[in-house]
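# Architecture at a glance
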Amino acid sequence: MSRRARTTVNVNYVDLDSDEDSQIGQISNRYQVDNEEEWKPPEPKPLPSVSAASEKRPPKPKVPKSEDAKRGTKPPKVGLKRQKPESKANVQSGDVQSRSTEAGPSIRTKEERMSLAVSKSEQGMQEGLSFAGLSAKKEEEEDDDEDFTFDEPPLKKQKTGCRSARQSKQSQSVVKGELDMNWDPIEVLSTLSCVERWVCANIVTLLREENTVPFMVRYRKDMINHMDADAVRDVQLVYEELRGLAKKTQSVITTLKKDGVLTTELEKSLRSCRSADELDHVYTPYKKGCKVTKVRKAKALGLEPAAIALIEAPHMLDFRTWVKPGTDGLSSVEEVSTGVLHILAYTIAKDPETLTYVKTLCENDDVSLHSSVTKTALKEKEEKSQSSDKKPASQTNKKQDVDKFHLYFDFTSTVRRVQPHQTLAINRGESLKMLTVKVTIPERVKQNFMRWCINNRWKPKTYAREEHRALIKDSVEDSYKRLIVPFLSRTYRTNLTKAAEKESVAMFVRNLRQRLLVGPVRGCAMMGVDPGFQHGCKLAILSPQGQILHTDVVYPHGFRNDKEAEKLRRLMLKYNCARVVIGNGKACRETEAFFADLIAKRYFDPLDVSYCITNEAGASIYSVSPEAVKEMPDLDPNLRSAVSIGRRVQDPLAELVKIDPKHIGIGTYQHDVSSVALKAALDGVVQECVSFVGVDINICSEILMRHVAGLNTGRARSIAEWREHNGPFLNREQLKLVKGMGPKSYQQCAGFIRINQTAHSAESAPPPAVPAKAAAKKVKGKSNVSVATHFNPLDQTCIHPESYDVAQRFLTLIGGSASQIGSAHLKRSVDQKVAGSGIDELSARLGTTPETLGLILDGLTQPPGFDIRQDFGQEVFKRGIVSIHDLQAGTVLTGRVENTCLFGAFVDLGVGRSGLIHKSKLTLDKLPVSQRRRSLALGPGDRVEVRVLNVDAQRGRISLDLVRVLH
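Criteria and thresholds
Residues numbered from 1 in each chain as written. Predicted model: local features only at pLDDT ≥ 70, side-chain atom pairs only at ≥ 80, totals over all residues. Heavy atoms only, no water. Helix = DSSP H or I, 4+ residues; strand = E, 2+ residues; numbered from the N terminus. Buried < 20%, exposed > 50% of the residue type's maximum accessible area, 1.4 Å probe, protein only. Contact = heavy atoms within 4.5 Å. Areas by Shrake-Rupley, 256 points an atom, 1.4 Å probe, with all protein chains shown as cover. Phe/Tyr/Trp six-rings, centres within 6.5 Å; stacked < 30°, edge-to-face > 60°. Lys NZ or Arg CZ within 6 Å of the ring centre and 35° of its normal. Pairing = 2+ DSSP bridges. Axes fitted to C-alpha atoms, helices over the stretch in contact; angles between N-to-C directions. Parallel < 35°, antiparallel > 145°, perpendicular 65-115°, else oblique. Left-handed = near helix turned anticlockwise from the far one by under 90°. Nonpolar A, V, L, I, M, F, W, Y, C, P; charged D, E, K, R; others polar. Core = buried A, V, L, I, M, F, W, Y, C linked by side-chain atoms within 4.5 Å. Salt bridge = Lys/Arg side-chain N within 4 Å of Asp/Glu carboxyl O. pLDDT = per-residue confidence, 0-100.

Across its full length, the chain carries 37 helices and 15 strands. Expressed as a percentage of its 967 residues, the buried residues of the chain come to 49%. The long-range share in the chain, meaning contacts at least 24 apart out of those at least 6 apart in sequence, stands at 73%. Accessible surface computed for the chain: about 47700 Å², of which carbon and sulfur atoms make up 50%.

Given below as structure tokens:
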């Protein structure tokens, strides 16, 4: 009686909103079985299953404290992530949490993590934000009824912790194919990405409307809480993963329905999964084509009621009544017991509360990852070491590959301390059959798990005989060993791999961004040199605008190099070329020494010649690409490489976008990460850099235009054709006349396209009207589009056309005009007005947001042709050379970061070999404040002062210590 009373109290405490009478009645019925003459097994539904999570998350079970917890320390949680269960008390504390978060909007609140603490209006918004809306839409087609207005008001920023979030018009749009999952996508997205809920809702709305990341970051700052492009891209990636999971879940449900094995409980279990591992864990026993599992065999024999009775009413269960002689699997009590064990073990392994408990146990303990060398690899290594001189070069290289993994031949680390580069290296060694990997879960986790299951979660509801208790214990042990441990191991490996891949891609993205945004070297002729021995050094002399003036081949490494030097001198004097760019490929240092010697002798007088070395990765691939053939059809591929090398310094962004980012020579372990995720991230950062720098639509290449936000290959080709047939664009409005340019495309790209006033300066004649040829030609679907025919000074700024009205009203307010953009007088007027009224008051007066007004002010005060890359470092030209043999431990010198990886940064010192600054040397006290939040703080192009720690000239290795970052 006392046990029943305690149960009733616990039920009332856990769920205050449920039907108390019905619950108490159900619990009471469990203990009235003793008075019944005959007990009948119930339907196979009441047994706890994973579907319970679909209605309500189970309360967090109590977990024994680990040794760290007893000492008062809390280890960081790495690997598995577990959702916090909701409770009534949490809901009631929502007001306090919301008030506490107003001081810091970036702090995640408990209210935002709970699906119970939402109002009806929030639920309506959640229903409108389904996954199906982000499906790829068809290419925009011309429509006579389309217009180019921007009438939709932006979704206003909502305060963090606001319970009744206002619903935008965009989120109310009808979405095709509403996906049915047992969790709120916005809530899960917010939890996984650690971004506030209202921001996630806005990002989903913007993505659904086909807005690009650069457009959101620059022109919708208030909607995304001023997040940068990387953060928005992370949210987008998580959202895509959730969409993929929902799509896969729907596919699995459809398959199971066709196979006739789908039940209501199984469907709820599948729709409750929040990761691919959980989905596979539930779906694996039902996969078609695999061998029939033990649990399916037992259920097919009708033993599920017996398994239910083992927990619900074991005192009435007699396995002898289930025996059917002559039936395989039911011919004896032992076979019946085995079948019941398999059913109960499977149920335990799929129970959400049980999985939550065992994950919590693992989080509070030291789960470790261990790798060891395989017997095959070890045997091959021993054979190669004994007879390495007699083996061909191919087998010698294989031996070297084995040696690359010597650090992981006996490697052990807790999962929370495994570094991303270690994870990727171990995965590569495992894929090459050189390493075996195992996740080790401490034995005490099993002991605590067994004790909790037997005494709490899976304790019989009534009196159970000894053999029944033993069977339950065996079921728990079998479930843990055969099902739960493999599931946990897969989950840990998956989480470690995902985290490592994410960090590797992020590192690649940072390196690529800094490489693309290196400042251009303008205003001088340039000589690009593709060095070589046998085939000589290929030369290409380029004009300040990048046009090819001359190409040639010299052989400076032969016996008659004085003749080649004279040839170089004549060319450089003829074209007034004082800058030499040398590729860092084969014969680079010998070519550098040749030029350095001539410069030291003042051989090129009166020219003050200097040189630099640039990364030529991908130049050879580009030289034979269709784009290069189209651009330089009559040029030899080797000479095209020299042209590419020279242009990489003149305008790095415009040249590097022609090359696949994977071939630029940056990043680490790029071949071990998901190619789809890597390509999406790299394409995104290229689009971001090109868009933020901006392109002059009248002079940029078609290849560069492809990477502008809102444009693609087809639209870029159409713009180039329009420009070829109708002459240069006079204003942004004329983009509306281009074939394939719909309202959405125009909205996305217009702010990143410039119409610079090079040919229409104040001293020159007024700009001509639209050519008659263009006016007469009616593009399909564009008959109702009317455009201006004059130059608009705002078109050369970063101000979006949708804000032109606000910009004009602001200019009127301060007594200025658009023709004064970038002038000192206008800048003083703007500064005085902002100082007197403030951004907030001015934005309210003009009917816009402070973020939009700030962007308008930047556009009005920046000089025409402003380039954000002017704040980034350029290539360093030098006149001398040093050798690796000149370096000594303790020498302090300067260099430029060439590449960064997960374990350090490589620095080009100009000695033929890059030195490595290990990440342990990148301490916060050596870094500028602005760079301390970045992963490795350094990136390609950063100038640094370093101290030499060790020089291994034989192996070509230089160890460095960071002294400081130079500006």
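Now, onward.
Quick look at the packing of aromatic side chains now. According to the stated counting rule, one finds ten aromatic pairs in the structure shown. Both rings, one in Phe-594 and one in Phe-595, keep their centres 5.9 Å apart while their planes meet at 85 degrees; by these two values the pair is edge-to-face. Here the aromatic rings of Tyr-603 and Phe-604 are separated by 5.7 Å at their centres, their planes lie at 85 degrees, and the arrangement is edge-to-face. Here a set of aromatic residues connected by ring pairs shows up, and it is made of Phe-215, Tyr-219, Phe-692 and Phe-752. Arg-457 extends its terminal NZ or CZ atom over the ring of Trp-458, reaching a point 5.4 Å from the ring centre.

Consider a sheet: its strands pair through backbone hydrogen bonds, and that pairing is either parallel or antiparallel. Here we have five strands rolled up into a closed barrel, ordered E11-E12-E13-E15-E14, and mixed in their pairing. Across the sheet, the mean angle from the axis of one strand to that of its neighbour is 50 degrees, orientation sign disregarded. Examined bridge by bridge, strand E13 (residues 914-918) and strand E15 (residues 957-965) share two bridges and lie parallel to one another. Bridging from a neighbouring strand, Ile-917 pairs with Leu-960 of E15.

Attention now goes to the sheet that holds strand E4 (residues 526-530). The five strands are arranged E6-E5-E4-E7-E8 in an open sheet whose pairing can be described as mixed. Of all strands in the sheet, those with a lone pairing partner are strand E6 (548-554) and strand E8 (610-614), marking the two edges. Averaged over all pairs of adjacent strands, the angle between their axes in this sheet comes to 20 degrees, without regard to strand direction. By the bridge criterion, five bridges tie strand E7 (residues 579-583) to E8 in an arrangement that is parallel. Its bridge partner being in E8, Val-580 is matched across the sheet by Tyr-611. In the packing of helix H24 (residues 588-600) onto the sheet, contacts are made with E4, strand E5 (537-542), E7 and E8, and the angle to E8 comes to roughly 170 degrees. Across the sheet, helix H27 (residues 637-650) is in contact with E4, E5, E6, E7 and E8; its angle to E5 comes to roughly 50 degrees.

Now for the packing of helix H17 (residues 352-363) against helix H21 (residues 443-457). Axis separation between H17 and H21 bottoms out at 10 Å; the angle between their running directions is 150 degrees. Classified by the angle their axes make, H17 and H21 are roughly antiparallel. The crossing of H17 and H21 is right-handed. On H21, the residues touching Glu-353, Thr-354, Tyr-357, Val-358, Leu-361 and Cys-362 of H17 are Val-445, Asn-448, Phe-449, Trp-452, Cys-453 and Arg-457. The residue inventory of the contact of H17 with H21, partitioned by class, reads eight nonpolar, two polar and two charged.

With six of six residues buried, E5 is to be regarded as a mostly interior element. Neither face of E5 is exposed, since Cys-537, Leu-539 and Ile-541 on one face and Lys-538, Ala-540 and Leu-542 on the opposite face are all buried. Hairpin connection of E4 to E5: six residues between the antiparallel strands, including Gly-536 at a positive phi of 80 degrees. Here six bridges tie E5 to E6, and the two strands are oriented antiparallel to one another. When the sheet's bridge partners are listed, Ile-541 is paired in E6 with His-550. Between E5 and E6, which pair antiparallel and follow one another directly, the connecting turn spans five residues, one of which, Gly-546, has a positive phi of 90 degrees.

Let us now look at the environment of Leu-435. Of note, Leu-435 is situated in strand E3 (residues 435-440). Separated by 60 residues in sequence, Leu-435 and Lys-375 place their C-alpha atoms 9.0 Å apart. Residues in contact with Leu-435, not counting those within four places in the same chain, are Ser-372, Val-373, Thr-374, Phe-405, Tyr-408, Phe-409, Ala-425, Ile-426, Gly-429 and Glu-430.

Another aspect to go through is the nonpolar core. Membership of the largest hydrophobic core comes to 161 residues, with the highest contact counts inside it found for Leu-270, Phe-449, Ile-719 and Ile-753. It is helix H22 (residues 466-516) that contributes the most residues to this core, 17 residues altogether. Discounting chain neighbours no more than four positions away, the residues touching Leu-270 are Met-181, Thr-249, Val-252, Ile-253, Leu-256, Leu-262, Leu-279, Val-282 and Tyr-283. Membership of the second largest hydrophobic core comes to 26 residues, among which are Ile-541, Phe-594, Phe-595 and Leu-598.

Looking now at helix H12 (residues 264-271). Along H12, the residues that are buried comprise Leu-266, Ser-269, Leu-270 and Arg-271. Packed against the buried residues of H12 are helix H11 (229-259) and helix H13 (276-283).

We now examine the pattern of salt bridges. Two side chains that carry opposite charge are able to pair once their charged atoms sit near each other. Tallied over the entire structure, the rule returns 39 salt bridges. The closest approach of N and O atoms between Arg-513 and Glu-688, which form a salt bridge, is 3.0 Å. Placement of Arg-513 in helix H22 and of Glu-688 in helix H29 (residues 675-693) is noted, with a sequence separation of 175 residues between them. Overall, the relative accessible area of 15% leaves Arg-513 in the buried class.

Direction of pairing for strand E11 (residues 892-901) relative to strand E12 (residues 904-908): antiparallel, over a ladder of five bridges. Its bridge partner lying in E12, Cys-901 is registered against Gly-904. In sequence, E11 turns back onto E12 through a hairpin of two residues. Judged from the five bridges that link them, E12 and E13 form a sheet pairing that is antiparallel. Residue pairing across strands places Val-907 opposite Gly-915, the latter belonging to E13.

Let us now look at the packing of helix H15 (residues 304-312) against helix H16 (residues 333-350). H16 packs onto H15 with a crossing angle of 70 degrees between their chain directions and a minimal axis gap of 9 Å. It follows from the interaxial angle that H15 and H16 lie roughly perpendicular. Seen from H15, the contacting residues are Glu-304, Ala-306, Ala-307, Leu-310 and Ile-311; seen from H16, they are Val-340, Ile-343 and Leu-344. When its residues are assigned to classes, the contact of H15 with H16 shows seven nonpolar, no polar and one charged.

A few words now on the confidence of the model for the chain. Of all residues in the chain, 73% attain a pLDDT of 70 or more, and the chain-wide mean is 77. Contacts of residues 1-46 to residues separated by more than four positions or lying in other chains number 39 contacts, the stretch itself having pLDDT below 50. Every residue in residues 150-178 scores below 50 in pLDDT, and together they form 68 contacts with partners more than four places removed in sequence or on other chains.

Right, let's get into the environment of Ala-313. With respect to the element layout, Ala-313 can be found in the loop between H15 and H16. Separated by 151 residues in sequence, Ala-313 and Ala-464 have C-alpha atoms that sit 7.9 Å apart.

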